[in-house]
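Analysis of the macromolecular model
This is what each chain is made of:
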Amino acid sequence: MTSISGFVFVNDMELGRKYGTRVNNTTLEIKDVDGTYTVFLKLFPNQLKSTYLLDDLDSVQSFEKKVVLKFLKPNHELLVMSDDVDKVMNFLKDLRSLAKNLILNIGESFLANALKTFGHINNNPNRMQNFNPTHLRMIALENCNLPHLPEGIGYLTLSSLSLNGSRLNMSKYGQDLFWDWMTKENISTSLNVLEMNSIGLNKLPFEIIHLKRLQTLSVSNNKLTHVPHFIGELPQLVTLMIDGNSLWYFPEILLNKVYQTLKIFNNRFIYLKFNEERRENVEFTGLQNPPKLSDLSVLSLINNCIKFKRQEIPRPLWNSYDFVCRCRLCKKLFVFDEKYQKFTFSIPKTEQMVRIESIHWQFFECPSCVRLVNINA
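On a predicted model such as this, the values are computed, not experimentally measured, just so you know. (Residues numbered from 1 in each chain as written. Predicted model: local features only at pLDDT ≥ 70, side-chain atom pairs only at ≥ 80, totals over all residues. Heavy atoms only, no water.)

Brief notes about the nonpolar core
Counting residues in each nonpolar core, the largest one holds 58 residues, and the members touching the most others are Trp181, Leu194, Leu217, Ile231 and Phe250. Counting only elements with at least two residues in this core, the list comes to α4 (293–303), α5 (315–320) and β24 (359–363). Contact partners of Ile231, with chain neighbours within four places excluded, come to Leu204, Ile208, Leu217, Leu237 and Leu254. In this structure, Val39, Val60, Leu78 and Ala99 belong to the second largest nonpolar core, which totals 23 residues. (Core = buried A, V, L, I, M, F, W, Y, C linked by side-chain atoms within 4.5 Å. Buried < 20%, exposed > 50% of the residue type's maximum accessible area, 1.4 Å probe, protein only. Helix = DSSP H or I, 4+ residues; strand = E, 2+ residues; numbered from the N terminus. Contact = heavy atoms within 4.5 Å.)

Right, here's the structure in full:
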């Protein structure tokens, strides 16, 4: 018998009704009943709630202490919230083993080991058999409902990944897990094309700086208000599609690139009027504000190309990546202070003549260079 206990919630997909047991000792059991494996959802003491046939189990999802079982008949989703990660893992292990023995076609929404289950899909000769996921070069998870992406995707040597139109159902801290795959060695040296159009992005994940082979980045129709300077750490980026956002300016580190394709329309460049004040006359007798330890930590991570999981570093460092740039003069990385920002106004360069707007380019000069210029003036 395979079982798991916890809070259980049922989503009736046809009626649009959601209800839960709200009883912590609710048990979901899978039993062999006269040769037919049946899923029993019951309340203690042994009060039968509902039954499902295991043959009707369509997919399995899990995240930490949660498991979702989706059935075709009836069209229900069962969410089980356990109090123990180990219980969830043991239940999934037993369920996979049972599905393998019964040769059931149970899909998974990209759990950490989901791709491994593709070794045998089912006994239908018209379907793929013994598919090896390491041969994948392109993955399109478009218009999907994605609670997270497993870091295991990063172990594939993909050349193209598309998340276009998908819903990233991340909680407030869900981003802890969503971008870990970018830091893995295989994908960071193989991915050429990354498309994340229309997925509700508010900011670009800083893990993207590890994708050193990235040539095409498409993040159209999102909610971006700025492009972080760390994008300049992608040396092979030649195609940038960032139209349909709310951008006011670009980092100047992208100014000297010659793009094969560039889409920047439907942003806010044309409406922006910056204060024309130039700050070359600001006098530096020394570092007015010594760099914070968090600033030095972020600079060290970038300079040394250290790969890590987001949840392994303090949360204050996450936002620090948005304030990292290279000095316009000496090209040294530093964490900028917004009061020293400056802007130019020009048109980016593309290989083909296309109609594009003149845009504002944001740049900075580190305190050392500003001080040196003032001394020489």
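From this point, the narrative continues.
Looking at the sheet that holds strand β19 (residues 261–263)
Pairing is parallel in the open sheet, where 6 strands are placed in the order β10-β12-β14-β15-β16-β19. Each having just a single partner strand, β10 (138–140) and β19 make up the two edges of the open sheet. When strand polarity is set aside, the average angle formed by the axes of neighbouring strands in this sheet is 5°. (Pairing = 2+ DSSP bridges. Axes fitted to C-alpha atoms, helices over the stretch in contact; angles between N-to-C directions.)

Let's talk about the side chain of Asp56
Here Asp56 is to be found in the loop between β5 (47–53) and β6 (57–63). For Asp56, the contacting residues outside a window of four places in its chain are Lys70, Phe71, Leu72 and Lys73.

A closer look at the sheet that holds strand β17 (residues 250–251)
Pairing in this open sheet of 3 strands is mixed, and the strands run β17-β24-β22 from one edge to the other. Only two strands of the sheet have a single neighbouring strand rather than two, namely β17 and β22 (342–346). Note: β17 against β24, 2 bridges, orientation parallel. Paired with Phe250 across the bridge in β24 is Trp361.

Overview of the packing of aromatic side chains
Applying the stated criterion across every chain yields a total of 8 aromatic pairs. An aromatic cluster is defined as three or more aromatic residues linked by ring pairs; in this entry it consists of Phe206, Phe230 and Tyr321. Over the aromatic face of Trp318 sits the side chain of Arg310, whose NZ or CZ is 4.9 Å from the ring centroid. (Phe/Tyr/Trp six-rings, centres within 6.5 Å; stacked < 30°, edge-to-face > 60°. Lys NZ or Arg CZ within 6 Å of the ring centre and 35° of its normal.)

Notes on the confidence of the model for the chain
Put simply, the chain has an average pLDDT of 77, and 76% of its residues get 70 or more. Note that residues 108–129 has pLDDT below 50 and, in this model, 38 contacts with residues that lie over four places away or in other chains. Throughout residues 275–287 the model reports pLDDT below 50, and contacts reaching past four residues in sequence, or to other chains, amount to 22 contacts. (pLDDT = per-residue confidence, 0-100.)

Some words on the environment of Lys342
In this fold, Lys342 is placed in strand β22. Judged by its relative accessible area of 7%, Lys342 is buried. On a C-alpha basis, the gap between Lys342 and Gln362 in space is 5.8 Å, while along the polypeptide they are 20 residues apart. One polar contact links Lys342 to Glu365, side chain to side chain, over a distance of 3.0 Å. (Polar contact = N/O pair within 3.5 Å; in protein donor to acceptor, adjacent residues only side chain to side chain.)

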